[in-house]
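# Observations on chain architecture
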Amino acid sequence: MRAPILLRQASALLRVVAGHVSDDPVHFGMQVFRRLPPRASRLMSAALRRVPGPAAEASSAWLKGDVASAADFAVARPARGWQARFLGELAVSMGDPGTARMRANALAGTTAGARLSSRILWHEGRMSEAVAAAPPSAMRTRLSSELAVFRPEWDPSTAGNGAVPTPRSVPKASVLFALTNSLPVTQSGYTLRSHAVLTAVRDAGLGVLATNRTGYPTAVGRAVRCDRATVDGIPYLYDVPASLGRTPAARLDQQASFLRRAAEASGAAVLHTTTHFTNGLVARSVARDLELPWVYEVRGSLEDTWASARGGMEQDARNSERFQLFRAREAEVARSADAVVTLGHTMAAELVERGVDRERIVVAPNSVGSEVLAADWQAPASAVRAELGLPARGIWVGTAASVVGYEGLDVLVDAVRAARTSGVDIRLLVVGDGVDLPHLRQRAADLGDSAVFTGRVRPELAQTYVRGLDVFVVPRKDVAVCRKITPLKPAEAGGLGRAVVLSDLPALAEALPADSRRLVRPESAEELSGALIGLAEDPDERKRLGEFARRWVEENRTWTSVGESYGRMYEEIGADVRMVSR
């Protein structure tokens with residue numbers, strides 16, 4: 001069985017790479033190089049410095065984390081032909097559509113110029129205009145297909161030939177989850193919550209099974225040896241067809257076929273999927289065909305996430321065609337589900353405003369499992385740091401998060417710098433990876449050894465790093481997605497007995513009660529620095545906050561209670577979940 005799936009993955013990977021190289025080579029290259037180990041990135045950067053031309057110089061600067069120099073190359077260096085297109089694409093990927101448009105204008109009348117113009121329009125959310133601007137090519141076909149998926153009249157077909165394992169080999173399950181990605185391949189807040197939910201539902205007495213989107217994990221450059229993985233007894237299925245659909249619509253058709261066959265083979269009584277809306281479209285189509293109830297779990301506001309990534313153009317993005325279609329699709333899918341789960345009361349209120357019946361909404365907050373509750377949360381942070389090879393001295397503040405703009409980690413860097421300038425020995429620890437990590441490292445360069453960035457680490461090691469902090473900080477920015485969505489980490493940090501400082505945003509404020517956290521004005525390095533200095537100089541207050549948070553999490557935020565609430569929800573929407581053996 002190993003050879004066929006390896007061959008299928010090779011075929012699918014070639015198609016994925018060919019599509020990216022044709023449509024979006026710079027963004028694809030940036031994603032590939034970002035995943036290189038730091039040493040490999042430095043070596044690649046050094047090698048590119050020897051290659052003549054502004055494209056190589058810009059790439060070299062970006063790889064070594066010198067984002068400012070890379071941007072200067074994109075703006076100022078003269079270039080023609082493919083190098084001009086490359087610099088324009090680089091500008092788009094770095095959030096500078098003005099420079100990209102200048103490069104596109106210089107290439108007017110050429111295929112390269114048309115491709116670049118289409119990319120700029122797509123980046124800005126002007127989807128129909130981007131399709132019209134693209135030259136006749138696979139790129140135009142792909143963009144047209146994605147635009148069709150965003151429009152309300154499109155639904156996936158379940159009749160295609162997916163690559164689900166043979167029916168007799170699919171585990172029996174009461175609840176079938178349809179996921180975007182999963183452990184063990186992808187480690188993120190999304191996959192950790194998915195695994196926690198699956199485990200909690202299983203521990204509540206229900207059989208569970210999870211599927212991943214078609215093409216995963218091949219589409220993210222990871223190979224697997226068989227069509228499934230088992231993590232802590234939870235089975236995750238992969239669908240890697242030899243002929244992966246060339247367009248978003250074709251791949252969603254494949255995904256719907258895969259999910260239908262998995263549902264039939266497993267005997268599932270209910271389907272459960274998560275944002276964003278494409279997963280909901282797939283689950284809804286299968287549920288209708290098989291006359292099953294289905295659940296839509298809203299874990300994010302991805303249209304807001306997309307808009308916030310436009311930087312200074314956020315308001316234009318929110319007025320764009322993409323944003324409006326995205327929001328309408330999310331609302332339509334949520335309204336059509338038999339039950340809607342979300343992470344907090346702030347998002348529940350937003351869903352009601354979008355027309356979802358409040359009685360069909362279940363609030364299931366991010367919670368903690370036995371591994372958090374069993375951790376030695378009373379061990380001194382300095383002793384944990386010594387075990388990790390970090391200096392015991394100083395007051396260490398930081399976070400564990402995806403390193404992206406809306407997390408506000410640049411504000412945290414500035415706050416630590418201000419505290420150190422005032423003479424307080426506060427040090428920074430950031431656990432995690434993301435597109436903004438090179439920029440963040442550059443911003444913190446003057447802090448020297450007082451700022452540590454671990455990059456991506458295993459979940460259990462991330463938990464140890466959090467125990468090594470004196471203060472856990474979530475400095476999210478005041479953007480729509482952060483006002484609505486409650487992250488996982490405050491509850492985990494509270495469960496580990498850390499003093500927690502949060503941006504004063506509705507979804508964050510509800511993560512922990514008032515007596516167990518401090519709130520600061522978002523995007524204010526001065527106010528954050530003041531709060532950190534106050535806690536650095538008051539060990540008794542740090543201890544009090546941590547102890548209160550620990551007790552509250554133990555009593556109110558466990559995955560055991562979440563699993564039980566999910567079981568009740570499935571029964572209330574008519575699923576015979578207890579009639580299918582595990």
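The paragraphs below set out a description of the structure included in this document. For clarity, every value in this text was computed on a predicted model and none was experimentally measured.

Thresholds applied
- Residues numbered from 1 in each chain as written.
- Predicted model: local features only at pLDDT ≥ 70, side-chain atom pairs only at ≥ 80, totals over all residues.
- Heavy atoms only, no water.
- Helix = DSSP H or I, 4+ residues; strand = E, 2+ residues; numbered from the N terminus.
- Rg over C-alpha atoms; globule rule 2.2 N^0.38 Å.
- Buried < 20%, exposed > 50% of the residue type's maximum accessible area, 1.4 Å probe, protein only.
- Contact = heavy atoms within 4.5 Å.
- Areas by Shrake-Rupley, 256 points an atom, 1.4 Å probe, with all protein chains shown as cover.
- Lys, Arg positive; Asp, Glu negative; His and termini not counted.
- Charge placed at Lys NZ, Arg CZ, Asp CG, Glu CD.
- Pairing = 2+ DSSP bridges.
- Axes fitted to C-alpha atoms, helices over the stretch in contact; angles between N-to-C directions.
- 1 Å grid on protein atoms, 1.4 Å probe; cavity = no way out; pocket = protein on both sides within 12 Å on 5 of 7 lines; lining within 4 Å.
- Points joined across faces, edges and corners; volume = space filled by probe spheres on them.
- Nonpolar A, V, L, I, M, F, W, Y, C, P; charged D, E, K, R; others polar.
- Phe/Tyr/Trp six-rings, centres within 6.5 Å; stacked < 30°, edge-to-face > 60°.
- Arc of directions from axis to C-beta.

### Thoughts on the overall build of the protein chain
- When its secondary structure is counted, the protein chain shows 28 helices and 14 strands.
- In terms of overall size, the protein chain behaves like a compact globule, its C-alpha atoms giving a radius of gyration of 24 Å where 582 residues would be expected to give roughly 25 Å.
- When the backbone C-alpha atoms are referred to their principal axes, the protein chain occupies close to 70 × 65 × 50 Å.
- When each of the 582 residues of the protein chain is scored for burial, the buried share is 57%.
- Within the protein chain, contacts between residues at least 6 apart in sequence are counted, and of these 71% link residues at least 24 apart.
- Accessible area for the protein chain stands at about 23,600 Å²; split by element, carbon and sulfur atoms hold 52% of it.
- Of note, the protein chain has its 73 positive side-chain charges centred 7 Å away from the centre of its 65 negative side-chain charges.

### Let's talk about the sheet that holds strand β12 (residues 471–474)
- The strand order across the open sheet built from six strands is β11-β10-β9-β12-β13-β14, with neighbouring strands paired in parallel fashion. Looking at the sheet topology across the chains shown, the edges are occupied by β11 (451–455) and β14 (518–520). Strand-to-strand, the axes of this sheet are offset by a mean angle of 25°, without reference to chain direction.
- Pairing analysis gives two bridges linking strand β9 (residues 395–400) to β12, with the strands arranged parallel. Residue G398 lies in a different strand from β12, and its bridge partner there is F472.
- Packed onto the sheet, helix α22 (residues 459–467) meets β9, β10 (426–431), β11 and β12 and runs at close to 165° relative to β10.
- Together, β9, β12, β13 (499–503) and β14 form the strand contacts of helix α27 (residues 539–556), whose direction differs from that of β13 by roughly 80°.

### A few points about the environment of P38
- Summarising the element assignment, P38 is placed in helix α3 (residues 38–49).
- Given the relative accessible area of 47%, P38 is considered partly exposed.
- Between the C-alpha atom of P38 and that of G455, which follows or precedes it by 417 residues, the distance is 9.4 Å.

### Concerning the layout of surface pockets
- The volume enclosed by the second largest pocket comes to roughly 370 Å³.
- At the level of elements, α19 (381–388) and α27 are the ones that each hand at least two residues to the lining of the second largest pocket.
- Take the lining of the second largest pocket: its biggest share by element is five residues, from α27.
- Classifying every residue of the lining of the second largest pocket by side-chain character gives eight nonpolar, five polar and six charged.

### Some details on the packing of aromatic side chains
- On inspection of all chains with the given rule, the structure shows six aromatic pairs.
- Ring centres of Y566 and Y570 lie 6.3 Å apart, and the angle between their planes is 90°; this geometry places the pair in the edge-to-face category. Taken as a pair, Y566 and Y570 lie in helix α28 (residues 559–572) at a separation of four residues, close to a single helical turn.
- With a relative accessible area of 0%, Y570 lands in the buried category.
- Pairwise contacts between aromatic rings join F150, F277 and F326 into one cluster.

### Quick notes on α19
- What α19 keeps buried is the set A381, V384 and R385. Projected down its long axis, α19 carries its buried residues within an arc of 100°, all on one side.
- Of the surrounding elements, those touching the buried residues of α19 are β9 and α22.
- Looking one or two residues beyond α19, the residue adopting positive phi is G389, at roughly 85°.

### Focus on the pairing of strand β4 (residues 234–237)
- The alternating pattern of β4 places I234 and Y236 and P235 and L237 on opposite faces, both of which are buried.
- Pairing between strand β2 (residues 208–212) and β4: two bridges, direction parallel. Considered in β4, the bridge of A210 is made with Y236.
- In terms of strand pairing, strand β3 (residues 228–231) meets β4 through four bridges, oriented antiparallel. Along β4, the bridge assignment pairs A229 with Y236.

### Considerations on unusual backbone geometry
- Cis geometry marks the peptide bond from Y216 to P217, where omega comes out at 5°.
- Mapped onto the fold, P217 is located in the loop between β2 and β3.
- That bond from T275 to H276 is cis: its omega, 15°, falls within 30 degrees of zero.
- With respect to the helices and strands, the residue H276 is situated in the loop between β5 (270–274) and α13 (277–290).

### Some details on the pairing of β2
- The element β2 is extensively covered by neighbouring structure, given that five of its five residues are classed as buried.
- Going residue by residue along β2, you find V208, A210 and N212 tucked away on one face and L209 and T211 tucked away on the opposite face as well.
- As defined by bridge partners, strand β1 (residues 175–179) adjoins β2 across five bridges and the pair is classed as parallel. Its bridge partner being in β2, A178 is matched across the sheet by T211.

### Comments concerning the environment of L36
- Tracing the backbone through its elements, the reader meets L36 in the loop between α2 (25–34) and α3.
- Placed 106 residues apart in sequence, L36 and R142 show a C-alpha to C-alpha distance of 28 Å.

### With respect to empty space enclosed by the protein
- Counted according to the given criterion, the structure contains three cavities of 30 Å³ or more.
- Space inside the largest cavity adds up to approximately 60 Å³.
- In terms of lining residues, the largest cavity is bounded by L343, P365, N366, T486, P487, A491, E510, A511 and R557.
- In terms of residue class, the lining of the largest cavity is made up of five nonpolar, two polar and two charged.
- Empty space within the second largest cavity amounts to approximately 50 Å³.
- Y296, V298, G300, S301, E303, E330, A331, A334, M347, L351 and R354 together form the lining of the second largest cavity.
- At the level of secondary structure, the elements contributing two or more residues to the lining of the second largest cavity comprise β6 (294–298), α16 (321–336) and α17 (345–353).
- Partitioning the lining of the second largest cavity into residue classes produces six nonpolar, two polar and three charged.

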